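Observations on chain architecture
If you want the building blocks of each chain, they are given just below.
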Amino acid sequence: MRHGESAYNVLGLCNGDPARPVPLSATGRRQVTAAAERLQALPIDRIWVSQFPRAQETAAIVNSRHAAPVQVDARLNDRRNGFEGRPVAEYLEAVNNDHLNFVPPAGGESYKQLIARVDACLADLAALTANCLLVVTHHEVLQVIHGRCHGEPPEAMWRYWIDPAGFFEGDGLRL
């Protein structure tokens, strides 16, 4: 599941630092509440979430209907984009020429580095004994997870889109 709309989504700004307190917007809280209602019937017995406040707020809203144990995992964090607080348009322009290999400034990571980080997390998640595991994370991380569930190469992963508070069900990772 992707977190709901954040305050930075509204402003069109990048946030790749989990220490920056960027919460859900009012719209984001409504989106997540609606998604939580649709997820209510699932027997969610574990939740894994990134360190970002917007993802943790999303997980808490969904979990209010499940009371599942929650595990925070930095490997589910949003991409370190190197454009903290700057317009998303600048970030997209920078990665446009080589979106798989471009390494952003200021400690950023390439999309291929993100894939490796998420793959390590997915290998651990695949070993869990959970009836129904909910992962609450970010768009680019979900691109990788979706791609691994569907056996897609990185180029196809990059094109996948999921709306704020959107979710998909996957039942088999291809690592």
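Everything discussed here concerns the structure shown above.
Quick caveat: nothing in here was measured; it's all calculated off a predicted structure. (Residues numbered from 1 in each chain as written. Predicted model: local features only at pLDDT ≥ 70, side-chain atom pairs only at ≥ 80, totals over all residues. Heavy atoms only, no water.)

**Brief notes about the packing of aromatic side chains**
This structure, assessed with the given rule, holds three aromatic pairs. On the basis of an interplanar angle of 85° and a centroid distance of 5.9 Å, the ring pair of Tyr160 and Phe168 is categorised as edge-to-face. A residue is classified by how much of its surface remains accessible, and Tyr160, at 18% relative accessible area, is buried. Classification of Phe168 by relative accessible area gives partly exposed; the value is 21%. (Phe/Tyr/Trp six-rings, centres within 6.5 Å; stacked < 30°, edge-to-face > 60°. Buried < 20%, exposed > 50% of the residue type's maximum accessible area, 1.4 Å probe, protein only.)

**Focus on the nonpolar core**
Core analysis: the biggest nonpolar cluster contains 24 residues, and Tyr111, Val118, Val144 and Ile145 have the highest contact counts within it. Listed by contribution, the elements that provide at least two residues to this core are helix H4 (88-95), helix H5 (111-126), helix H6 (139-150) and helix H7 (154-159). The element that contributes the greatest number of residues to this core is H5, accounting for seven residues. Ranked by size, the runner-up nonpolar core spans 18 residues in total, among them Met1, Ala55, Ala68 and Cys132. (Core = buried A, V, L, I, M, F, W, Y, C linked by side-chain atoms within 4.5 Å. Helix = DSSP H or I, 4+ residues; strand = E, 2+ residues; numbered from the N terminus.)

**Points about the environment of Asp78**
Structurally, Asp78 can be placed in the loop between strand E2 (70-72) and H4. A distance of 2.8 Å separates the side chain of Asp78 from the side chain of Arg54, its partner in a polar contact. (Polar contact = N/O pair within 3.5 Å; in protein donor to acceptor, adjacent residues only side chain to side chain.)

**A closer look at the sheet that holds strand E1 (residues 46-49)**
Taken in spatial order, the three strands line up as E2-E1-E3 in an open sheet, and their pairing is parallel. Among the strands making up the open sheet, the edge pair consists of E2 and strand E3 (133-136). The sheet shows a mean angle of 20° between the axes of neighbouring strands, taken without regard to direction. Taken together, the three bridges between E1 and E2 define a ladder with parallel strand orientation. Within E2, the residue paired with Ile47 across the bridge is Val70. (Pairing = 2+ DSSP bridges. Axes fitted to C-alpha atoms, helices over the stretch in contact; angles between N-to-C directions.)

**Some remarks on the side chain of Ser110**
Mapped onto the fold, Ser110 is located in the loop between H4 and H5. Overall, Ser110 belongs to the buried group, its relative accessible area being 5%.

**Observations concerning the environment of Val49**
Tracing the backbone shows Val49 in strand E1. Judged by its relative accessible area of 1%, Val49 is buried. A C-alpha to C-alpha distance of 5.7 Å links Val49 and Val135, two positions 86 residues apart in sequence. Once residues lying within four places of it in the same chain are set aside, the contact partners of Val49 are Ala55, Gln56, Ala59, Val70, Gln71, Val72, Asp73, Leu76 and Val136. (Contact = heavy atoms within 4.5 Å.)

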